[in-house]
Amino acid sequence: MPNIANIPEEMIEEHVHWHTREGNPADGGRAIVPWLPGRVEPTPGSGEEFLVWHGGYIDRFMGWVDSLPESERPDGTTIAPWTSIPAGFKMGMLGWNQSRAREELLLQDIANFGTHDELGRFLEWGLHGFLHSAAAGMFSESIIMSWESPRSTYFWQLHGLIEHWSQTWKNT
């Protein structure tokens with residue numbers, strides 16, 4: 001498993017709390033409950049929250065990496081963000097289908113998303129989950145499907161891709 005053995009437990013706990021204590025920011029959870037009972041779509045504002053929090057989480061991680069002696073840092077190529085969906089993920093056995101292909105096509109023109117929140121809700125409830133699942137299947141990396149997924153280098157690559165789309169939207 002391409003893991004980051006020395007990642008601080010506080011970073012893992014931060015990720016676990018953010019995802020498992022929804023609606024309870026005082027306890028480290030996200031402020032907005034993204035999927036309320038009875039709703040057919042994610043809660044407005046939750047996409048923006050998803051993108052902003054994960055972008056900040058990446059920044060904190062990279063700050064930690066930069067603070068380490070060179071000999072203790074993860075290999076930069078193993079945490080470098082993807083800039084597109086890996087070609088190997090585009091197989092039916094990993095969950096790739098026409099719906100996923102349409103989602104990818106929508107992202108080729110980031111102007112398809114009127115707000116950053118709209119982009120975030122689209123990503124969080126679509127390709128984000130697919131990327132976790134496909135990475136787990138492709139690389140036999142089961143941890144990527146758990147709240148402790150930041151221990152995997154693939155977490156940083158796939159969230160780097162999410163951040164890439166977020167920054168592309170901001171720059172348009």
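Residues numbered from 1 in each chain as written. Predicted model: local features only at pLDDT ≥ 70, side-chain atom pairs only at ≥ 80, totals over all residues. Heavy atoms only, no water.

Asker: What is the right way to read the packing of aromatic side chains from this model?
Answerer: Going through the model one piece at a time under the given rule, you end up with 14 aromatic pairs. One aromatic cluster is present, built from ring pairs that chain together Trp18, Trp53, Tyr57, Phe61, Trp64, Phe155 and Trp156. (Phe/Tyr/Trp six-rings, centres within 6.5 Å; stacked < 30°, edge-to-face > 60°.)

Asker: Sorry, what's going on with the side chain of Thr43 here?
Answerer: Positionally, Thr43 belongs in the loop between helix H1 (9-20) and helix H2 (46-67). The residues contacting Thr43, other than those within four sequence positions of it, are Ile32, Val33, Pro34, Trp35, Leu36 and Arg121. (Helix = DSSP H or I, 4+ residues; strand = E, 2+ residues; numbered from the N terminus. Contact = heavy atoms within 4.5 Å.)

Asker: Please clarify how unusual backbone geometry should be interpreted in this entry.
Answerer: Excluding glycine, residues mostly have negative phi values, and the peptide bonds linking residues are mostly trans. Even without being a glycine, Ser140 presents a positive backbone phi close to 50°. Within the element layout of this structure, Ser140 appears in the loop between helix H6 (127-139) and helix H7 (153-170).

Asker: What is the right way to read the environment of Gly23 from this model?
Answerer: In this structure, Gly23 sits in the loop between H1 and H2. Taking the C-alpha atoms as reference points, Gly23 and Val33, ten residues apart in sequence, are found 5.2 Å from one another. Contacts of Gly23, omitting those with residues within four sequence positions, involve Arg30, Ala31 and Val33.

Asker: Looking at this model, I keep getting lost on the pattern of salt bridges. Mind explaining?
Answerer: Opposite charge on two side chains lets them pair, provided their charged atoms get close. Evaluated as defined, the whole model comprises eleven salt bridges. One salt bridge in this structure joins Arg21 and Asp27, with 3.1 Å as the shortest N-O distance. We classify Arg21 as partly exposed; its relative accessible area is 28%. Put simply, Glu49 and Arg30 hold a salt bridge, and the shortest N to O gap is 3.1 Å. With Glu49 in helix H2 and Arg30 in the loop between H1 and H2, this residue pair connects regions lying 19 residues apart in the sequence. Classification of Arg30 as buried rests on a relative accessible area of 1%. (Salt bridge = Lys/Arg side-chain N within 4 Å of Asp/Glu carboxyl O. Buried < 20%, exposed > 50% of the residue type's maximum accessible area, 1.4 Å probe, protein only.)

Asker: Looking at this model, I keep getting lost on the environment of Thr78. Mind explaining?
Answerer: Mapped onto the fold, Thr78 is located in helix H3 (residues 76-79). Linking Thr78 and Ala136, residues 58 residues apart in sequence, is a C-alpha distance of 15 Å. When residues no more than four places from it in sequence are discounted, the contact partners of Thr78 are Thr153 and Gln157. From its side chain, Thr78 meets the backbone oxygen of Asp75 in a polar contact 2.6 Å long. (Polar contact = N/O pair within 3.5 Å; in protein donor to acceptor, adjacent residues only side chain to side chain.)

Asker: For this particular structure, what's the right way to read the packing of H2 against H7?
Answerer: If you want to describe how two helices pack, look at the angle between their axes and the distance between the axes. For the pair H2 and H7, the least separation of the axes is 10 Å and the interaxial angle reads 125°. On the basis of the axis angle, H2 is oblique to H7. Crossing of H2 against H7: the hand is left-handed. Residue-level contacts link Phe50, Leu51, His54, Gly55, Tyr57, Ile58 and Phe61 of H2 to Phe155, Trp156, His159, Gly160, Ile162, Glu163 and Ser166 of H7. Its residues assigned to classes, the contact of H2 with H7 shows eight nonpolar, five polar and one charged. (Axes fitted to C-alpha atoms, helices over the stretch in contact; angles between N-to-C directions. Parallel < 35°, antiparallel > 145°, perpendicular 65-115°, else oblique. Left-handed = near helix turned anticlockwise from the far one by under 90°. Nonpolar A, V, L, I, M, F, W, Y, C, P; charged D, E, K, R; others polar.)

Asker: Can you walk me through the packing of helix H5 (residues 116-124) against H7 in this structure?
Answerer: Interaxial distance between H5 and H7 falls to 10 Å at its minimum, and their mutual angle equals 160°. By the angle between their directions, the pair H5 and H7 is classed as roughly antiparallel. Crossing handedness for the pair H5 and H7: right-handed. Across from His116, Leu119 and Leu123 in H5, the residues of H7 making contact are Ile162, Trp165, Ser166, Trp169 and Lys170. Tallied by class, the residues present in the contact of H5 with H7 amount to five nonpolar, two polar and one charged.

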